[in-house]
Amino acid sequence: MSRKLDPMDLYDIRSELSEDEVMVKDTVARFVDDNVIPLMQEAFEKHEFPRHLIGEVAKMGLFGSSIDGYDCAGLNGVSYGLICQELERGDSGLRSFVSVQSSLVMYPIHTYGSEEQKQRWLPAMAKGEAVGCFGLTESHGGSDPSNMKTHAKRDGDDWILNGSKMWITNATIADAAVVWARTDEGVKGFIVEKDMPGFDSHEIKNKFSLRASITGTLFFNNVRVPDCNVLPGVSSLRGPLSCLTQARYGISWGVIGAAQACLDEVLRYTQERILFGRPLANTQTIQIRLADMARRITSAQLMSLRLGRIKDSGDLSPTQVSMAKWNNCRAAIDIARDARDILGGAGISAEYVPIRHMLNLESVITYEGTETVHQLVVGKELTGVNAFG
Ligand code: TGC
Ligand code: FAD
């Protein structure tokens, strides 16, 4: 008799992981089962980010987990992916928080910041004592950040920052915002602190997606930023885009967790739901749909694991990340929508996870580069022709 396979891991990805990676995965999975899943339905309904989780996530060393030193865990890229996968099995909002803090705030400070900036922010962020946000998108078109209007001018030893940013995760709870602005010396990253005069933020309410995550706008009205708060290591769009590569990599893993949560729910439901005198799972079309979910999850797992190994070898190309972000977000959102349908009327209730994941994934497939953006990045790689211009 053939052995029973794990429905969430048909190709036994687990056996490809090192002992340390398995330990990271299992630790975060337990935390999510015990401390995250039980509260996400209510957090989503109340449109609230469960802030008390910040300290708990910090205690596990999940912020800036890929950074060596500065009180960070120094884990490899595959471990970061597994962290994202397990967190997003709970909710995309919590994974978003960790993506922003780790890949979009701590990463640029670590990669492009001065030693003083690193000492000041990285240990505090690793401990969850300081929260960060990342301001790149502007209201007139997030897909094309080269058209940014936010700008800064030197004034003695300071810079004067003007403009605004839109759709910013953690905007209203951030102690520091890494803000990208046009200057006479190229695009630069500014660490804007929450109390700086002229800096303001507002929460965007009434979202139907990522309701358990805070999203907002940032406004800069003649904000005086000292030169010591400017990231010295980069002066071009490569700065913010390289951060996106880190975050997109994590998202490619994260959405697998959301998809697994949906498959898990419908596997249970279709065995219990009796229609026309037999469990729903006994019908051919339902089995085909479940099999298709498992096929897509398995493909996504293989893609992300391979991507992680390439990342850890130091040879990651942004195009490879684009392909995985596109493929895995598409797989996850299709699975979540199909799972919602399989649940029938129950599928519109927040008591079942697919609708929450489905709604969250509408954001996830849009932020960090829309599906179209990633398709065009791959298209450019194949043809050598830039279709953005
Ligand atoms: P392009 O001329 O291609 O590139 C400019 C410079 O950047 C370099 N580069 C990259 N470097 C690292 N990673 C990447 N992914 C990179 N893409 C480009 C490039 O080599 C060049 O470097 P250099 O040294 O020669 O100057 O730039 P472009 O203006 O043509 O842009 C191309 C395009 C459309 C792909 C880019 O603009 C893009 O990715 N647009 C989408 C924007 C986006 O994804 N925004 C996300 C905002 S943050 C967010 O959504 C957070 S959600 C967080 C959460 O809650 O989880
Ligand atoms: P647009 O760029 O206006 O795109 C509109 C449509 O046009 C899309 O369908 C797009 O695919 C399509 N399109 C674009 N270019 C082309 C083309 N060349 N050909 C054909 N079609 C095209 N940003 C941050 O900086 N920091 C954050 O923390 C952050 N968090 C976010 C959190 C949430 C919940 C959301 C929803 C967004 C967040 N964003 C953040 C912004 C996000 O990155 C942008 O929404 C995204 O990049 C798309 O930009 P846009 O919304 O302006 O859409």
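Residues numbered from 1 in each chain as written. Chains lettered and ligands numbered in written order. Predicted model: local features only at pLDDT ≥ 70, side-chain atom pairs only at ≥ 80, totals over all residues. Heavy atoms only, no water.

## Looking at the overall build of the protein chain
Link 1 in the chain: In terms of regular secondary structure, the protein chain is built from ten helices and eleven strands.
Link 2 in the chain: Computed over C-alpha atoms, the radius of gyration of the protein chain comes to 21 Å, within 12% of the 21 Å expected from 2.2 N^0.38 for 389 residues, which places it in the range of a compact globule.
Link 3 in the chain: Projecting the C-alpha coordinates of the protein chain onto the three principal axes gives extents of approximately 80 × 45 × 40 Å.
Link 4 in the chain: Within the protein chain, the fraction of its 389 residues that count as buried is 54%. (Helix = DSSP H or I, 4+ residues; strand = E, 2+ residues; numbered from the N terminus. Rg over C-alpha atoms; globule rule 2.2 N^0.38 Å. Buried < 20%, exposed > 50% of the residue type's maximum accessible area, 1.4 Å probe, protein only.)

## Here's the deal with the domain arrangement of the protein chain
Link 1 in the chain: Domains assigned within the protein chain are domain 1 (13-126), domain 2 (132-229) and domain 3 (238-383).
Link 2 in the chain: Here the C-alpha centroids of domain 1 and domain 3 sit 20 Å apart.
Link 3 in the chain: Between domain 1 and domain 3, the contact holds 29 residues from the first and 35 residues from the second.
Link 4 in the chain: For the domain 1 face of the interface with domain 3, the top three residues by lost area are Ile13, Phe44 and Gln85, together amounting to 21%.
Link 5 in the chain: Counting across the domain 1 and domain 3 interface gives two salt bridges. (Domains from an automatic or database assignment. Contact = heavy atoms within 4.5 Å. Buried area = accessible area lost by both parts, 1.4 Å probe. Salt bridge = Lys/Arg side-chain N within 4 Å of Asp/Glu carboxyl O.)

## Notes on the side chain of histidine 357
Link 1 in the chain: Position of histidine 357 relative to the elements: it lies in helix 9 (residues 353-364).
Link 2 in the chain: Among residues more than four places away in sequence, those in contact with histidine 357 are Glu88, Arg89, Gly90, Asp91, Ala258, Ala261, Cys262 and Ala336.

## Quick look at the site of ligand 2
Link 1 in the chain: Taken together, 18 residues lie near ligand 2, and Thr137, Gly142, Ser143, Trp167 and Thr370 sit nearest.
Link 2 in the chain: At 2.6 Å, a side-chain N or O of serine 143 approaches an oxygen atom of ligand 2.
Link 3 in the chain: In the environment of ligand 2, a nitrogen atom lies 2.8 Å from a nitrogen or oxygen atom belonging to the backbone of tryptophan 167.
Link 4 in the chain: In isolation ligand 2 exposes 980 Å². Once the protein is present, 67% of that is buried.
Link 5 in the chain: Within the residue set of the shell around ligand 2, elements represented by two or more residues are strand 5 (158-169) and helix 10 (371-383).
Link 6 in the chain: Of the residues forming the shell around ligand 2, the biggest block, three residues, is contributed by strand 5.
Link 7 in the chain: Split by domain, the shell around ligand 2 shows at least three residues from each of two domains, domain 2 (132-229) and domain 3 (238-383). (Near = heavy atom within 4 Å. Polar contact = N/O pair within 3.5 Å; in protein donor to acceptor, adjacent residues only side chain to side chain. Areas by Shrake-Rupley, 256 points an atom, 1.4 Å probe, with all protein chains shown as cover.)

## Here we look at helix 1 (residues 19-46)
Helical geometry note: an α-helix holds 3.6 residues per turn, so side chains three or four residues apart project in the same direction.
Link 1 in the chain: Helix length check: helix 1, at 28 residues, gives a terminal C-alpha distance of 39 Å against a target of 40 Å (1.5 Å per residue), a fit within 8%.
Link 2 in the chain: Of all the bends in helix 1, the greatest reaches close to 45° and is centred on valine 36; the proline proline 38 follows between one and four positions later.
Link 3 in the chain: What helix 1 keeps buried is the set Glu21, Val22, Val24, Lys25, Val28, Ala29, Phe31, Val32, Val36, Met40, Ala43 and Phe44.
Link 4 in the chain: Each element contacted by the buried residues of helix 1 is listed here: helix 2 (53-59), helix 3 (77-90), helix 4 (92-112), helix 7 (284-313) and helix 9.
Link 5 in the chain: Histidine 47 sits one or two positions beyond helix 1 and adopts a positive phi of about 60°. (Expected span 1.5 Å × (residues − 1). Bend = angle between axes of the 7 residues up to and from the residue.)

## Focus on the site of ligand 1
Link 1 in the chain: Neighbouring ligand 1 are 28 residues, the closest being Ser96, Thr169, Thr245, Arg248 and Gly369.
Link 2 in the chain: Take arginine 95: an N or O atom from its side chain is 3.3 Å from an oxygen atom of ligand 1.
Link 3 in the chain: Within the side chain of threonine 169, a nitrogen or oxygen atom sits 2.9 Å from an oxygen atom of ligand 1.
Link 4 in the chain: When the free accessible area of ligand 1 is taken as 1100 Å², the share hidden by the protein chains comes to 74%.
Link 5 in the chain: Contributing elements (two or more residues each) for the shell around ligand 1: helix 4, helix 6 (238-272) and helix 10.
Link 6 in the chain: For the shell around ligand 1, the leading source of residues is helix 6, giving six residues.
Link 7 in the chain: Taken together, the residues of the shell around ligand 1 sort by class into twelve nonpolar, eleven polar and five charged. (Nonpolar A, V, L, I, M, F, W, Y, C, P; charged D, E, K, R; others polar.)

## Thoughts on the pattern of salt bridges
Pairing is possible between side chains that carry opposite charge, provided their charged atoms lie close to one another.
Link 1 in the chain: Tallied over the entire structure, the rule returns 29 salt bridges.
Link 2 in the chain: As a salt-bridge pair, glutamate 371 and arginine 330 come within 2.8 Å of each other at their nearest N and O atoms. Taken together, the residues span a long stretch of sequence, with glutamate 371 in helix 10 and arginine 330 in helix 8 (residues 318-342) at a distance of 41 residues.
Link 3 in the chain: Note on glutamate 371: relative accessible area 18%, which makes it buried.

## A few points about the nonpolar core
Link 1 in the chain: Membership of the largest hydrophobic core comes to 51 residues, with the highest contact counts inside it found for Phe63, Leu87, Met106, Ile109, Met125 and Trp180.
Link 2 in the chain: For this core, the secondary-structure elements that each account for two or more residues are helix 1, helix 2, helix 3, helix 4, helix 5 (115-126), strand 6 (176-183), strand 7 (186-193) and helix 6.
Link 3 in the chain: Broken down by element, the residue count for this core peaks at nine residues, all from helix 4.
Link 4 in the chain: The contacts of methionine 125, once residues within four sequence positions are left out, are Phe63, Gln101, Val105, Met106, Ile109, Ala130, Val131, Gly132 and Ala176. (Core = buried A, V, L, I, M, F, W, Y, C linked by side-chain atoms within 4.5 Å.)

## Considerations on the packing of helix 3 against helix 4
Link 1 in the chain: In contact at an axis separation of 7 Å, helix 3 and helix 4 are set at 150° when each is read in the N-to-C sense. Classed by the angle they form, the pair helix 3 and helix 4 counts as roughly antiparallel. Here Tyr80, Cys84, Leu87 and Glu88 of helix 3 come into contact with helix 4, specifically with Ser92, Leu94, Arg95, Val98, Ser99, Ser102 and Ser103.
Link 2 in the chain: Residues that form the contact of helix 3 with helix 4 fall into these classes: five nonpolar, four polar and two charged. (Axes fitted to C-alpha atoms, helices over the stretch in contact; angles between N-to-C directions. Parallel < 35°, antiparallel > 145°, perpendicular 65-115°, else oblique.)

## A word on a nonpolar patch on the surface
Link 1 in the chain: On the surface, Leu5, Leu10, Tyr11 and Leu302 cluster together into a nonpolar patch covering about 370 Å² of accessible area.
Link 2 in the chain: Relative to the helices and strands, leucine 302 resides in helix 7. (Patch = residues over 30% accessible without salt bridge, like charges linked within 9 Å, V, L, I, M, F, W, Y side chains within 5 Å.)

## Quick look at the packing of aromatic side chains
Link 1 in the chain: Summed over the entire model, instances satisfying the criterion amount to seven aromatic pairs.
Link 2 in the chain: Each ring, one from tyrosine 269 and one from tyrosine 352, has its centre 5.8 Å from the other, and the planes form 85°; the classification is edge-to-face. In this pair, tyrosine 269 is assigned in helix 6 and tyrosine 352 in the loop between helix 8 and helix 9, connecting sequence segments 83 residues apart.
Link 3 in the chain: A relative accessible area of 11% means that tyrosine 269 is categorised as buried.
Link 4 in the chain: In textbook terms, an aromatic cluster arises when at least three aromatic residues are bridged by ring pairs, as seen for Phe49, Phe63 and Phe97.
Link 5 in the chain: Over the aromatic face of phenylalanine 44 sits the side chain of arginine 211, whose NZ or CZ is 5.8 Å from the ring centroid.
Link 6 in the chain: The ring of tyrosine 249 has lysine 311 lying over it, and the distance from NZ or CZ to the ring centre is 5.3 Å. (Phe/Tyr/Trp six-rings, centres within 6.5 Å; stacked < 30°, edge-to-face > 60°. Lys NZ or Arg CZ within 6 Å of the ring centre and 35° of its normal.)

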